Amino acid sequence: MDWFVIQAYSGYEVKVKAALEEKIQLEGLGDKFGEILVPTEQIVELKSGTKKTTERKFFPGYILIQMELEDDTWQLVKQTPRVSGFVGGTKEKPLPISEDDVDNIINRIEVGEDAPAPRTIYEPGEVIRVCDGPFKHSGVVENVDYERNSVKVAVQILGRSTPVQLNFMQIEKT
């Protein structure tokens, strides 16, 4: 079986996946299909002072499907509501994606479940607001470490600029 990318209406990826799984079962084609993936990752955001973990699709509008490409399987996927078609190749003969690409996407899904990514991206020189801890006022981002989910911020203490190491949950954009 090869992996293919299908394009679905944005926002309907999970419903399309469910519809595909139902159609596969009804048609009795389970042996010609493998996994169906909607690539998502976990993100952490701060809302009203509390940490909230949510899921975000990192390829919105796209679904990965493992299948044997035959006329009946191709038609089943193409005729599923809210599916625009296959990505790659021609309309009559879609091309599978490489195993390296599939491994990278699956690895990104698994890593995203272990270490949630921050929702907000910070840049050096950006003015932020510290919302937690003893330095509850504005500061300037000096350095960002996404692996450790921390940021070095210059804050004013007694009239002097002092660097402070904070985590992403302690700051927010102004």
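Our subject is the structure listed above.
Residues numbered from 1 in each chain as written. Predicted model: local features only at pLDDT ≥ 70, side-chain atom pairs only at ≥ 80, totals over all residues. Heavy atoms only, no water.

### Quick look at the overall build of the protein chain
Thinking step 1. Secondary structure summary: the protein chain contains 3 helices and 12 strands in total.
Thinking step 2. Its C-alpha radius of gyration of 22 Å places the protein chain more than 25% over the 16 Å reference for a compact globule of 174 residues.
Thinking step 3. Projected onto its principal axes, the C-alpha coordinates of the protein chain cover approximately 75 × 30 × 25 Å.
Thinking step 4. Burial analysis of the protein chain (174 residues in total) assigns 35% to the buried set.
Thinking step 5. Of all intrachain contacts in the protein chain linking residues separated by at least 6 positions in sequence, the fraction that spans at least 24 positions is 59%.
Thinking step 6. Of the roughly 10,700 Å² that the protein chain leaves accessible, carbon and sulfur atoms contribute 47%. (Helix = DSSP H or I, 4+ residues; strand = E, 2+ residues; numbered from the N terminus. Rg over C-alpha atoms; globule rule 2.2 N^0.38 Å. Buried < 20%, exposed > 50% of the residue type's maximum accessible area, 1.4 Å probe, protein only. Contact = heavy atoms within 4.5 Å. Areas by Shrake-Rupley, 256 points an atom, 1.4 Å probe, with all protein chains shown as cover.)

### What to know about the side chain of Glu-126
Thinking step 1. Following the sequence through the fold, Glu-126 ends up in the loop between β7 (117–118) and β8 (127–130).
Thinking step 2. When its relative accessible area of 18% is taken as the criterion, Glu-126 is described as buried.
Thinking step 3. Engagement of the side chain of Glu-126 in a polar contact is seen with the backbone nitrogen of Glu-123, the distance being 2.9 Å.
Thinking step 4. Here Glu-126 is in contact with Ile-121, Gly-139, Val-140, Val-141 and Lys-173, once residues within four sequence places are set aside. (Polar contact = N/O pair within 3.5 Å; in protein donor to acceptor, adjacent residues only side chain to side chain.)

### Comments concerning helix α1 (residues 13–27)
Thinking step 1. For α1, which comprises 15 residues, the first-to-last C-alpha distance of 21 Å matches the rise-based estimate of 21 Å (1.5 Å per residue) to within 8%.
Thinking step 2. Listed in full, the buried residues belonging to α1 are Glu-13, Val-16, Leu-20 and Ile-24. With its buried residues spanning 70° around the axis, α1 presents them on a single face. Across from the buried face of α1, at angles greater than 90 degrees, the exposed residues are Val-14, Lys-15, Glu-22, Gln-25 and Leu-26.
Thinking step 3. After α1 finishes, the residue Gly-28 shows a positive phi value of roughly 70°. (Expected span 1.5 Å × (residues − 1). Arc of directions from axis to C-beta.)

### A closer look at the side chain of Lys-32
Thinking step 1. With respect to the element layout, Lys-32 can be found in the loop between α1 and β2 (33–37).
Thinking step 2. Excluding residues that lie within four positions of it along the chain, Lys-32 makes contacts with Met-1, Gln-66, Met-67, Glu-68, Glu-70, Asp-72 and Thr-73.

### A closer look at the nonpolar core
Thinking step 1. Among the nonpolar cores identified, the biggest contains 18 residues, and Leu-20, Phe-33, Ile-65 and Val-77 are the most heavily contacted of them.
Thinking step 2. Listing elements by their share of this core, those giving two or more residues are β1 (2–8), α1, β2, β5 (62–67), α2 (71–78) and β6 (83–87).
Thinking step 3. Residues contacting Leu-20, with those up to four places away along its chain left out, are Ile-6, Ile-36, Ile-65, Leu-76, Val-77 and Thr-80.
Thinking step 4. Within the second largest apolar cluster, 14 residues are counted, among which are Tyr-122, Ile-128, Phe-168 and Ile-171. (Core = buried A, V, L, I, M, F, W, Y, C linked by side-chain atoms within 4.5 Å.)

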